[in-house]
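Close look at the chain arrangement
Below are the chains, spelled out letter by letter.
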Amino acid sequence: CDNEDGSKNNGAAKEEQSTPDNIQKALDVELNSNRDRIVSSMGPVDHAAQILSVPTIDSSFDEFHSQLQKWVEGNVIEPFPEGSVCELLSDENEKEVKLEVLEGEMYYGKGGMGNIPLAMREHCSSFNDDDRFGEDGERKTRTRSFRILQDVWVSPSNGVKYIGNKDEMKIDLSQPQWELRAGKRSLGKYHRLVIAHNGKCADRIMQKTPAKAFHSLLRTKFAPYVPQWGGKEMTLNSIYSLVFAVKSEKGSGGGGDGGMSGLSSPIAKAVSKLAQNEKNVFTIMIKNEPNLRLLSCNTLKHHHKQQAPNNSDSNIEVYTLLSSPKFGKKFKGPQENLPLDLSQKVVMKMLESLEQSLNLEDGSVVDSVVDLRLQLWGAGIPMNTWQSENSSGGVDGFVYDATFGVGACGDWILDPSIAGAWDSGRRLANWMLDGDKSVGLPDRSSKEGNGKFVPSRVALGSGIGTIPSSPNSAYEFPPPNEQSNRPRGQPRSRSPRGRNGSKNNGNRRKKSP
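Structural notes, computed from the coordinates. The model shown is predicted, which means the values in this text are computed figures rather than measured ones.

1. Some remarks on the overall build of the protein chain
Within the protein chain, the secondary structure is distributed over 14 helices and 20 strands. Looking at the protein chain as a whole, 46% of its 513 residues qualify as buried. In the protein chain, of all internal contacts separated by at least 6 residues, the share reaching a separation of at least 24 is 69%. For the protein chain, the exposed surface amounts to about 27400 Å²; the carbon and sulfur share of it is 45%.

Right under this line is the structure:
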């Protein structure tokens, strides 16, 4: 690569050459994954979402709490054991590290977080039962409440086409209003449309429709923070997820029965020592290393069987490591096709940062890696949420344009969490069944507006969404010079400086080497 002055960047070449052989081999397999992968052959792995909890914001989440209990009874989720979620902290001199238990009601997907949407799909499919009988024993006519299609690609640029009457005075919502397309192929015509995701695709897919006020809320900015007043548009962070497998001594125990003390990798030994040999430490919120946010042991959480492959002399432990949003922004690349040199740099920096956070010897984790998968979560956690108030003074938690029959739900409208996304969808569904008025749309003609983006302090604090609050939580807003685009009429607000009171110049965009 060239430097800004056009000269060759020899430092980048040296860094590429210094990538250890085991990391290079794992990345080569990642790019050419025709063979079985160690990281996926040991058992379930959670690569992104990690924790289910009930938010403590003003809005009521009673329905979601009831749903959690149903999932527990159905073996879809299970609670984290007491003391199994901790925070990793350093003392004031940053010489000693310690673990503190994070208190609160937290759950995870039994057999993986992916089992949660599978359970939701099965619940919907149960309404399509063919074997329904009336009181007289006669079989009822088959009803089909849900037709669920998976892995269906919809064109981002022209995949949504409004086919209703564009004269708002003559719109008939009893007729189909929308057509979905994949290129030139029609995917069907529908009376109502719901945008349940966010990011660039959601923005592009609605850009050419007449629902302009609705579309304006889907415009997205990507940043690790928002101004104190909330910002003008939806803001999502970017997070790297690194799933990696490390070897440990054969016959050392491990898995769900032995707890962390039964595993013997450098990571497990360090955590076991910090936890004072407590049996279960599944997930760690990393608070002492700015490049990282979370470490989770899939081997313990999902009870991986410790059977060494190919009669080797080691067992395998599988971990998930999540970066901080600032790290994700600094090293962001094309998430569908990360360049090899960028992947090398990201993997090495994340693993080395993990070694530093646990006070491990340099290379102790890096040298033990036998396989890995790196993913950039480009459109990650909402740093702000859109809030519009309903007639009773509560938060709507969804958006609906009654004129064109299109709605939006998601964590960016209620709370940056699984709970926020679930309850937002529930509220929108109930409204579409009973309501015929628009909800949550911005009123650009009014100075007061109808709703606003507000900063999500829980997401700014954790970087990875809503988790139970902690006295160790901290968040920061951008420096004053990056908060100039405030709404008209609002006074300029002060913003804390960077760490240790210094100016946070690290947020300026630099040209990548």
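From this point, things continue past the structure.
2. A look at a nonpolar patch on the surface
Residues Phe 127, Phe 146 and Ile 148 make up a contiguous nonpolar surface patch of roughly 240 Å² in combined accessible area. In this structure, Ile 148 sits in the loop between α5 (115-125) and β6 (160-162). Owing to a relative accessible area of 38%, Ile 148 belongs among the partly exposed residues under this scheme.

3. A short note on the packing of helix α4 (residues 62-73) against helix α13 (residues 418-434)
As a packed pair, α4 and α13 sit with axes 10 Å apart at the nearest point and diverge in direction by 110°. Classified by the interaxial angle, the pair formed by α4 and α13 is roughly perpendicular. In this structure, the crossing between α4 and α13 has a hand that is right-handed. Each of Glu 63, Phe 64, Gln 67 and Trp 71 in α4 lies in contact with α13, whose residues at this interface are Ala 419, Trp 422, Asp 423 and Arg 426. Residues belonging to the contact of α4 with α13 are distributed by class as follows: four nonpolar, one polar and three charged.

4. Remarks on the pairing of strand β8 (residues 185-190)
Where strand β7 (residues 178-182) lies against β8, five bridges are found, and the strand directions are antiparallel. Bridge pairing in β8 links Glu 179 to Lys 189. A loop of two residues connects β7 with β8, the two strands running antiparallel in sequence, and Gly 183 in this loop sits at a positive phi of about 65°.

5. Remarks on the sheet that holds strand β19 (residues 406-408)
Read across the sheet, three strands follow the order β9-β19-β18 without closing on themselves; strand pairing throughout is mixed. One side of each edge strand has no neighbouring strand; the edge strands of this open sheet are β9 (193-195) and β18 (399-401). Ignoring strand direction, the axes of neighbouring strands in this sheet form an average angle of 15°. Against the sheet, α13 contacts β9, β18 and β19, and its axis sits at roughly 30° relative to β18.

6. Quick look at the packing of aromatic side chains
In this structure the tally under the stated criterion is 13 aromatic pairs. On the basis of an interplanar angle of 85° and a centroid distance of 5.3 Å, the ring pair of Tyr 162 and Phe 404 is categorised as edge-to-face. Pair noted here: Tyr 162 is in strand β6 and Phe 404 is in the loop between β18 and β19, with a separation of 242 residues, a long-range link. Of the two residues, Tyr 162 and Phe 404, both sit in the buried class. Ring geometry for Tyr 240 and Phe 327: centres 6.2 Å apart, planes at 75°, overall edge-to-face. Taken together, the residues Tyr 240 in strand β12 (residues 239-249) and Phe 327 in helix α11 (residues 325-330) connect sequence positions 87 residues apart. For the pair formed by Tyr 240 and Phe 327, the shared burial category is buried. An aromatic cluster of three or more residues is present, and its members are Phe 64, Trp 71 and Trp 422.

The rules behind the values
Residues numbered from 1 in each chain as written. Predicted model: local features only at pLDDT ≥ 70, side-chain atom pairs only at ≥ 80, totals over all residues. Heavy atoms only, no water. Helix = DSSP H or I, 4+ residues; strand = E, 2+ residues; numbered from the N terminus. Buried < 20%, exposed > 50% of the residue type's maximum accessible area, 1.4 Å probe, protein only. Contact = heavy atoms within 4.5 Å. Areas by Shrake-Rupley, 256 points an atom, 1.4 Å probe, with all protein chains shown as cover. Patch = residues over 30% accessible without salt bridge, like charges linked within 9 Å, V, L, I, M, F, W, Y side chains within 5 Å. Salt bridge = Lys/Arg side-chain N within 4 Å of Asp/Glu carboxyl O. Axes fitted to C-alpha atoms, helices over the stretch in contact; angles between N-to-C directions. Parallel < 35°, antiparallel > 145°, perpendicular 65-115°, else oblique. Left-handed = near helix turned anticlockwise from the far one by under 90°. Nonpolar A, V, L, I, M, F, W, Y, C, P; charged D, E, K, R; others polar. Pairing = 2+ DSSP bridges. Phe/Tyr/Trp six-rings, centres within 6.5 Å; stacked < 30°, edge-to-face > 60°.

So far we have only geometry, and geometry alone does not tell us how the molecule works.
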